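# Report on the structure
Next come the chains, spelled out residue by residue.
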Amino acid sequence: MIAIMSRCLAERFAQLSPRPIALAAGETLFRCGDRVARVFLVTDGAVRLERATHAGVRLILQRAVAGEIVAEASCFAARYHCDAVAASSSRLAYVPLKRFRQACALDPALLSAFAQHLAAQVQEARARAEILALKTVASRLDAWLSLRDGALPQKGQWRDLADALAVTPEALYRELASRRR
C-alpha cells in the first residue's frame, strides 16, 4: 500500500511552490524542535523522518519519496517532532505554511485532496504498526510484501527495508537468501 498523492494536490503544490530545494544524501532538511514554517513535497529522491529514542535507537517514522509530503502532520504543529534527513540526493518543492493553509481554506478541492492524503498516511502508519507487531523477520517481510504486491525494492534499498521492518540488515539479508534457495 504505497500512497500516491492526488493529482490535484500535486498540481496545486507545484503552483504554490516558489522554488525547489536540493539536498545531498545525509543532509538535514530540518531538526526536531525547529519552528514549522514550510510544507515540503519530495519531487525526486527520498527523505526520512528520524527520531532517536532515550536508549539511543534511531527510529525511522517516515520515508517520503517522490510525490509525498514530508512530515505532513507538522502542518498543524508549531515545531517539528523529528529530524528530516535526505536518504539520497533529493529535490523538494516547498510552500510557506501560512500560504498552504490559506490555499486550503480557499480551495475545497485542495483541502479534500490533502485530507485524502492524510487518510492514506494514517492507513500506512497502521499497516506499519501491524507489521512491527509480528515476531519474526519472515512474517514481517511477508506482511510488508503483501501490501506491495510482492515487489521487493531494488537491492540498494534493502537497508531502508530493514529499517522499515525494524530488523537488522543482516537479518533481512539472511531471510532473503533463505527464500532464494
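One can find the structure itself at the top, above this paragraph.
Everything numeric here is computed off the predicted structure, so don't read it as measured data. (Residues numbered from 1 in each chain as written. Predicted model: local features only at pLDDT ≥ 70, side-chain atom pairs only at ≥ 80, totals over all residues. Heavy atoms only, no water.)

Helix and strand counts for the chain come out as six helices and eight strands. Taken over C-alpha atoms, the radius of gyration comes to 17 Å for the chain, in line with the 16 Å a tight globule of 181 residues would show. Dimensions of the chain along its principal axes, counting C-alpha atoms only, are 55 × 30 × 25 Å. Residue burial in the chain is summarised as follows: out of 181 residues, 39% are buried. For the chain, the exposed area adds up to about 10200 Å²; of that, 55% sits on carbon and sulfur atoms. (Helix = DSSP H or I, 4+ residues; strand = E, 2+ residues; numbered from the N terminus. Rg over C-alpha atoms; globule rule 2.2 N^0.38 Å. Buried < 20%, exposed > 50% of the residue type's maximum accessible area, 1.4 Å probe, protein only. Areas by Shrake-Rupley, 256 points an atom, 1.4 Å probe, with all protein chains shown as cover.)

We now examine the nonpolar core. In terms of nonpolar packing, the biggest core is built from 34 residues, with Phe30, Phe40, Val70, Leu92 and Phe100 touching the most fellow members. Leave out the neighbours within four places in its chain, and Phe30 touches Phe40, Leu49, Val70, Ala71, Tyr80, Cys82, Asp83 and Ala84. Grouped together as the second largest cluster of nonpolar side chains are twelve residues, Ile131, Trp144, Leu161 and Ala162 included. (Core = buried A, V, L, I, M, F, W, Y, C linked by side-chain atoms within 4.5 Å. Contact = heavy atoms within 4.5 Å.)

Note: strand 2 (residues 28-30) against strand 7 (residues 83-86), two bridges, orientation antiparallel. Paired with Thr28 across the strands is Val85, a residue of strand 7. Pairing analysis gives four bridges linking strand 4 (residues 46-52) to strand 7, with the strands arranged antiparallel. Across the sheet, Val47 pairs through a bridge with Ala86, a residue of strand 7. (Pairing = 2+ DSSP bridges.)

What follows concerns the pairing of strand 8 (residues 90-96). Extensive coverage of strand 8 is indicated by the burial of five of its seven residues. Pairing of strand 1 (residues 21-23) with strand 8, which is carried by three bridges, proceeds in the antiparallel orientation. Bridge assignment links Ile21 to a residue of strand 8, and that residue is Leu92. Sheet analysis places strand 3 (residues 38-44) next to strand 8, joined by six bridges and oriented antiparallel.

This part is about the sheet that holds strand 3. Strand pairing in a sheet is mediated by backbone hydrogen bonds. Such pairs are either parallel or antiparallel. Pairing in this open sheet of four strands is antiparallel, and the strands run 1-8-3-6 from one edge to the other. Strand pairing shows two members of the sheet lacking a second neighbour, strand 1 and strand 6 (69-70), which therefore form its edges. Sheet contacts for helix 1 (residues 7-16): strand 3, strand 6 and strand 8; angle to strand 8, the most-contacted strand, approximately 75°. Together, strand 3 and strand 8 form the strand contacts of helix 2 (residues 97-106), whose direction differs from that of strand 8 by roughly 65°. (Axes fitted to C-alpha atoms, helices over the stretch in contact; angles between N-to-C directions.)

A surface patch of nonpolar side chains, amounting to about 230 Å² of accessible area, comprises Val57, Leu59 and Leu61. Looking at the element boundaries, Val57 is found in the loop between strand 4 and strand 5 (58-65). For Val57, a relative accessible area of 45% puts it in the partly exposed group. (Patch = residues over 30% accessible without salt bridge, like charges linked within 9 Å, V, L, I, M, F, W, Y side chains within 5 Å. Salt bridge = Lys/Arg side-chain N within 4 Å of Asp/Glu carboxyl O.)

As a further point, take unusual backbone geometry. The phi torsion at Ala71 lies on the positive side, around 55°, for a residue other than glycine. Within the secondary structure, Ala71 sits in the loop between strand 6 and strand 7. One non-glycine residue, Asp149, lies in positive phi territory at about 55°. A residue is classified by how much of its surface remains accessible, and Asp149, at 78% relative accessible area, is exposed.

Residues of helix 4 (residues 137-146) that are buried include every one of Arg140, Leu141, Ala143, Trp144 and Leu145, and no others. Those residues of helix 4 that are buried lie in contact with helix 3 (108-133), helix 5 (158-165) and helix 6 (169-180).

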